[in-house]
Each structure stands twice: as structure tokens, then as C-alpha cells.
Amino acid sequence: MPKLSALGSQEEEHHRLVFWATHYDLSTPIDPSSTGLKQNLTSYGDAHFSLFMRKLFIKALGYSEDALSRPIIGVVNTYSAFNPCHANIPQMLDAVKRGVQLSGGLAIEFPTISLHESFASPTSMYLRNLMSMDTEEMIMAQPVDAVILIGGCDKTTPAQLMGGISANKPIIHLVTGPMMPGSYQGFRIGACTDCRNNWAKFRAGTIDIEDISALNEELAPTGGTCGVMGTASTMACLLVALGLMPLDSATAPAVSSARLRIAERTGTYAVTLAKTQLRPQTLLTRDSFLNAITVLQAIGGSTNAIVHLMAIINRHPTLAGTIPLSTVNSIGATTPLLVDLKPSGDNYMTDFHAAGGMVALLHELKPLLHLSARTITGKTLGEDLAQTPFRPLPFNNNRNPIIRPLTSPLYPHSSLIVFTKGNLAPGGAVLKASASKYRHLLQHRGPAIVFTSPADMASRIDDPSLPVTADSVLILQHIGPVGNPGMPEAGLIPIPRKLAAHGVEDMLRISDGRMSGTAGGTIILHVSPEAADPESVLGVVRDGDVVFCDVAQGVLGAEVSGVEIERRKEERRERGGTRGVWEARKGVRGYRGLYMREVNQAEMGADFGFLTAAGPGGW
Ligand code: FES
């Protein structure tokens, strides 16, 4: 004892020695299921020595034995100076830590990869699975009793949840929140629906260089995620529906004090989770995911969210493969679009928040929800809602203009639909029907104009001699998961300039790629199998083939006989065709090679097969 006298008071010395006598009894093996610092020990062959080493190193950071004896809350910090959607994370970290510490826990932050849509080449989706691996492995590697996953930009929250489910430590999400809208010439604008609308106007020549340059200054006027119902906002709403975030935490603006209070409260919840050890594989049930799909339909959410949800489901050991893509249709058939936000409607996330956000929406959706699904509070969704009443504003004859009642929806049902029939996409394809500008295109047939790659499209789309009319069906091949690694958001095929100049704003467009959730139009995406697959029908469609879709029937096809399709596939094989890409991926080095060899198709989530619950090879 005298040897320790220089370290503190007698009382502190006594406390320390009792602690060490209890924790360093060399005759008692360290339980592998321990909590706190004793879990996930680095392997030195002697667990007690590993703990001894861990403690001496963490003390270099100034922690006391008292602090280290508290529940340890890992806080995933995805701040990056290249990520404006995460610009408020430093402030949020302070608030999160305050919440953890006020509740008796110890918050320890650690970094993972951060992804922003415009700073992730070739596309953020290419890196989503890498981020999920980073998240999973760092949760598994470090001594955390619960984890707060701070994210926001499109691919970050799905990556974190994919990793979080696989790691299966208690998790709670905290999103950075939406940005504020900007303004131009008296009109509100915001990323990114208005980015695309105004770029289309610039291409069509209806606004000039001064307009587009001034708009560029105002479209993202604050930090935070895109301010419409794009992928980031959609995933934030789905995290609430899944029970992984508090009810009121999806919509508060990134720059608001409410966002910081949510962060503080998230810290409090995390300490409770560390004690209850409610883990995502237990919390998330089939009902949780059905609730998420119901909300997805009611908000007119991003098509990207369907890919992410499939990946997330397929990470869950008991739910993987049990909730097929067609569930989007069956739920959509009875779920109307209620939220009037761009790109399906007219408003911004700040309006949704002011109208009551997810609390108000979930109250309205109660008859369609599985209220017995559990949430991070440890209670059921129904119990959470009962404790969070929402009183509609006495506005517009008691009608909420942003969140419509079930009796007066913005769109009657199936804002998102999945094509399950027809010969063009036997593995499935998706469309945000509510974002279609010309509703007659939802049942349409027309001659195909086929572009074989984004480069081919760029070189010919505005060619005055392109034989295109407003009835043509524009098809873009080879932007799928393997053919164009990362499955880029290139599915928003622009309207050919010669048609745009005559006021054409929408055409039926089809690809095996994705599209930003902030974009609109009659655009069919995620066609599977993708064109690069030697068995793909999309890959052998040609100019002039009559292509048709019928949204009501879920049919997407090409009027090409089965015999002719097989003949074309054979011809493509003999030419080498895409077999080059399909075969050549075996010899590609690094992460790109891993991605190309392991990624599965969109209807399975474009995850790596070996990361799914089905294990190596996936499905
Ligand atoms: Fe991050 Fe849109 S770019 S949410």
C-alpha cells in the first residue's frame, strides 16, 4: 500500500486496491461474456495481462478507475470535413456525451468511415458495404456495452445498421438531421430535388447561366442532410419505424437546438440499453420491418431505401430471406401516401418537422402499424405512441397540410411499386410511382432507345438526329452492381434536349442502376438481373424493341419472344459481350475486385454475399 501513496488520498488508495483485488484475481478466469473493459480483449495469450495492458493504455488518456467502471457507450463519430451532411457532429458529440455522463455511463467516441454523396467516387454505394464492415468490426473489436451510431448522409445510416445488426451489440441511431431550405427569387429551394429540376431547366434553356450560378449558392444553405424526402430523410424515418431511434428524432433540423436535445437524450437511452442489453437481432422482428415498409410507402420514400432494407433484413439471422421484395407491393396496396414532401409533393423536411414529424405520422398510421413491435425504449411502439400524444394543429379546417389524414391522402396507395411480372426484370425492378410527372406513363408501351453505358448516353442523348419521341422508352444498360461497381445513381436519364426544349418533362426510363431519392419522374430502376449478367434480358434489349410497363399489374416487359431473347444471349456470349466484365472481375485487385466478385443483386440488397446472414456466398 505505501507504494501507491503518491497516487492519491488514503481513501482513493483503498478503493483502488479493493478494485484490483476484485478484478485481478489471477485464479479466476475472465468470463468471455464480461461487460465493460473486460470484453473483447486483445489476444496476448493471457487474458489478465490483456486487461492489465488495456487499462494502462486507456489511463494514458486520463480516465479514472471510477470512470472505467461505468457502462461504456461507444459513440461512432462519422465527422469528415468532406461531409457537409455531418457538419454538426462536433456539437452533437458534446450533447451525446452529456447525456451519457448524466446517466452514469462513460462515453468513448471512435471514428469510422464517413460517406458523402458527392465526395465518394465512383459512388457512395460502392463504399456502403465497406463502411458496414468497418462499423461491424470496430464494434466487435472494442469494449463497448452499447453503441450510438451517428450518421445521416444517404449510405451512412444503412451501412451502420447493417454493421450494427451483424455485430449485435445494443445500438441506437442518431441522425444529423436535415438542412434548412434556401431561397431564390422568392421561392424556397433545397437540395436536391431543386438541384435536379433547375439543372433540367438549364439544359432546356429556360434558365440561364446567371440563374444556375445563383441557385448553386442557395441550394444547400446549411449543414445537414438533403432537405427533401430523399434517401437520408427516408432512412431517418425508417429508423424510427424500426424502433431504433426515439419517435421525435428523425426530422429536427441539423442546425436546431432540438437536434442537440435529441442527441443528449440519445445518450441517456444508450446507457439504459447498456444495462438492458437489448440487441438489434432481438429488438428487430418481422413486424418491425413491416412497419418500416408501411412508413416507406406513406412518406413516398426513396427507391434506394428498398435496396437498403433488403440488405438490412438479409443481415438478420432469422429474418433473412423471409421478407421478399414483393412485400413492398402488398403493403403498398393498403398504404396511401400521406406526407406532402418533394419529390412526390411540394414541401421540405422542415415543414414535416413543424407539422409534427414522425410522431404525427405514426399516430395517423396507427391502424396500419404493428404496434406490438419493440423499440429502443424497451417498450412497444404502441406504448411509445401512447406516451407521446400528438394534438393536430387547428389549421386549415383541422387538416394538417403536410401530413394528410388516411381519409384524404396525397396519393391513394403504392407510392413505391415493385415489378414482379414480365420478362424484362425477373428478379424485380422498382419505381416511385408517386413521383411520376405524367401519370399516363404508368401504363405505357413504346419503342426502346437503348444506351449501352453512361458514356454512350452522354454522347448521343442530345444528338439532334437521335430518333426519339416523347413516347420512346429510354433504356440505360450496364449501371448495375457488377457492371458499374457501386450501381451509380445514373438512372435519372435526362430528357433529350430537343424534347425538353418543347416542354417534355417526363418519359418512361429504365435502367439497372439507382436514382437519387430526391429525383422524380417515371423512372424504373434496379432491374434485375443487371445487364452485365450474361442471363440478363435487359442486356439484350435493342433499339426499336417495344417495351411496356403496367404499374397496376406490376408488369415490365419487352415484346421480344423467348426464342429471340435466347438467340441474342447466345450471340452476345459468342461475341464476348459482357462476359468480359463478368469473367474479368475474378482478376480485379483490391476492394474493387472484392466488390465485383461478392456483391449480390439489388433485390437482395447489393450486399456482399459473405456478409449476409446466409454466410459465405450469400444467396
Ligand atoms: Fe448527404 Fe443528400 S448529400 S443527404
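Here the structure is a predicted model, which means the values were calculated and not measured.

Cut-off values and rules
Along each chain, residues carry numbers from 1 onward, in the same order as the chain's sequence is written. In keeping with the model being predicted, local features are shown solely for residues with a pLDDT of at least 70 and side-chain atom pairs are shown and tallied solely at 80 or more, while totals for entire chains, interfaces and linings include all residues. As a rule here, side-chain values cover all heavy atoms of the structure and leave hydrogens and water aside. Numbering of helices and strands runs from the N terminus, with a helix taken as a DSSP run of H or I at least four residues long and a strand as a DSSP run of E at least two residues long. Within these notes, the globule rule equals 2.2 Å times the number of residues to the 0.38 power, and the radius of gyration is based on C-alpha atoms. Remark: exposure states derive from per-residue accessible area (1.4 Å probe, protein chains only) relative to the maximum for the residue type, with buried under 20%, exposed over 50%, and partly exposed in between. By definition in these notes, contact holds between two residues if any of their heavy atoms fall within 4.5 Å. Here the Shrake-Rupley method, with its probe set to 1.4 Å, supplies the accessible areas, and only the displayed protein chains count as covering residues. Only four residue types enter the charge count: Lys and Arg as positive, Asp and Glu as negative, with His and the chain ends excluded. In this description, the location of a charge corresponds to atom NZ of lysine, CZ of arginine, CG of aspartate or CD of glutamate. A strand pair is defined by DSSP finding two or more bridges across the two strands. Whether a crossover is right-handed depends on one test, that the path from the first strand over the helix to the second runs clockwise when the strands point away from the viewer. UniProt positions are given in the numbering used here, feature names are shortened, and annotations may be inferred rather than shown by experiment. In this description, a line fitted to the C-alpha atoms serves as the axis of each element, helices being fitted only across the stretch in contact, and the angle between N-to-C directions of two axes falls anywhere from 0 to 180 degrees. Comment on the angle field: the value is read as roughly parallel under 35 degrees, roughly antiparallel over 145, roughly perpendicular from 65 to 115, and oblique elsewhere. Three classes are used, and their members are as follows: Ala, Val, Leu, Ile, Met, Phe, Trp, Tyr, Cys and Pro are nonpolar, Asp, Glu, Lys and Arg are charged, and the others, Gly among them, are polar. A clockwise turn of the near helix away from the far one marks a right-handed crossing, whereas an anticlockwise turn of less than a right angle marks a left-handed crossing. In this text, buried Ala, Val, Leu, Ile, Met, Phe, Trp, Tyr and Cys residues form a nonpolar core when linked through side-chain atoms within 4.5 Å.

1. As for the overall build of the chain
Logical step 1: The helix and strand inventory of the chain stands at 22 helices and 14 strands.
Logical step 2: The C-alpha radius of gyration of the chain comes to 26 Å, within 12% of the 25 Å expected for a compact globule of 619 residues.
Logical step 3: Expressed as lengths along the three principal axes of its C-alpha atoms, the size of the chain is roughly 95 × 65 × 45 Å.
Logical step 4: Taken across its 619 residues, the chain has 57% of its residues classed as buried.
Logical step 5: Taking the contacts inside the chain whose residues are at least 6 apart along the sequence as the reference set, 74% of them involve residues at least 24 apart.
Logical step 6: Here the chain displays about 24,300 Å² of accessible surface, and carbon together with sulfur accounts for 56% of that area.
Logical step 7: A gap of 2 Å separates the mean positions of the 53 positive and 55 negative side-chain charges of the chain.

2. Side note on the pairing of strand β2 (residues 106–111)
Logical step 1: Inspection of the sheet shows strand β1 (residues 72–77) paired to β2 by six bridges, in the parallel sense. The residue of β2 that forms the bridge with G74 is I108.
Logical step 2: Since β1 and β2 lie parallel, the crossover through helix α4 (residues 89–102) that links them has a hand, and here it is right-handed.

3. Here's the deal with the UniProt feature "domain: Dihydroxy-acid/6-phosphogluconate dehydratase N-terminal" (unreviewed entry) in the chain
Logical step 1: Following the UniProt record, the feature "domain: Dihydroxy-acid/6-phosphogluconate dehydratase N-terminal" (unreviewed entry) maps to residues 70–383 here.
Logical step 2: As annotated, residues 70–383 comprises 47% helix and 9% strand, and the C-alpha atoms at either end are separated by 29 Å.

4. Comments concerning the packing of helix α6 (residues 156–167) against helix α13 (residues 304–313)
Logical step 1: The geometry of α6 relative to α13 is characterised by a closest axis approach of 9 Å and an angle of 10° between their N-to-C directions. As the angle between them shows, α6 and α13 are arranged roughly parallel. Side by side, α6 and α13 meet where P158, L161, M162 and I165 of the first sit next to H308, A311 and I312 of the second.
Logical step 2: Of the residues in the contact of α6 with α13, the class split is six nonpolar, one polar and no charged.

5. Considerations on the side chain of T135
Logical step 1: In this structure, T135 sits in helix α5 (residues 124–141).
Logical step 2: Setting aside anything within four residues of it in sequence, one finds T135 in contact with T112, L149, A159 and Q160.

6. Looking at unusual backbone geometry
Logical step 1: Looking along the chain, the bond that leaves A191 and enters C192 is cis, with omega of -5°.
Logical step 2: Mapping C192 onto the fold places it in the loop between β6 (187–189) and α7 (193–204).
Logical step 3: Note the cis peptide between S528 and P529, where omega equals 0°.
Logical step 4: Mapped onto the elements of the fold, P529 is located in the loop between β12 (523–528) and β13 (546–550).
Logical step 5: A positive phi is found at H478, a non-glycine position, where the angle reads about 65°.
Logical step 6: With respect to the element layout, H478 can be found in the loop between β10 (473–476) and α19 (497–500).
Logical step 7: Its relative accessible area of 18% is what places H478 among the buried residues.
Logical step 8: The phi angle at M487 is positive, at roughly 50°, despite the residue not being glycine.
Logical step 9: By secondary structure assignment, the location of M487 is in the loop between β10 and α19.

7. Focus on the packing of α5 against α6
Logical step 1: Interhelical geometry of α5 versus α6 gives an angle of 40° and a closest axis separation of 7 Å. When the interaxial angle is binned, α5 and α6 end up oblique. In terms of crossing hand, the pair formed by α5 and α6 is right-handed. Touching R128, N129, M131, S132, T135, E136, I139 and M140 of α5 are T156, P158, A159, Q160, M162, G163, G164, S166 and A167, all from α6.
Logical step 2: Grouping the constituent residues of the contact of α5 with α6 by class yields seven nonpolar, eight polar and two charged.

8. Brief notes about the environment of I209
Logical step 1: Relative to the helices and strands, I209 resides in helix α8 (residues 209–218).
Logical step 2: For I209, a relative accessible area of 59% puts it in the exposed group.
Logical step 3: The spacing of I209 and Y44 is 165 residues in sequence and 64 Å in space, taken between C-alpha atoms.

9. A look at the nonpolar core
Logical step 1: Formed by 94 residues in total, the largest nonpolar core has its most connected members in I148, V295, F352 and L361.
Logical step 2: The residues touching V295, leaving out its near neighbours within four places in the chain, are C237, L238, A241, M358, L361, L362 and L365.

10. Examining the sheet that holds strand β8 (residues 428–432)
Logical step 1: Here eight strands make up an open sheet; going across it, the order is β7-β8-β12-β11-β10-β9-β13-β14 and the pairing mixed. Either end of the sheet is taken by a strand with one partner, and the two such strands are β7 (416–419) and β14 (555–558). Each strand of the sheet is rotated relative to its neighbour by a mean of 25°, with strand direction disregarded.
Logical step 2: Bridge count between strand β9 (residues 443–451) and β10: four bridges; the pairing is parallel. For F451, the partnering residue across the bridge sits in β10 and is L476.

11. Here we look at the sheet that holds β1
Logical step 1: In space, the four strands of this open sheet follow the order β2-β1-β3-β4, with parallel pairing throughout. Each having just a single partner strand, β2 and β4 (171–175) make up the two edges of the open sheet. Across the sheet, the axes of successive neighbouring strands diverge by a mean angle of 25°, strand direction being ignored.
Logical step 2: One ladder, built from four bridges, connects β1 with strand β3 (residues 146–151); its direction is parallel. Bridge pairing in β3 links V76 to L149.

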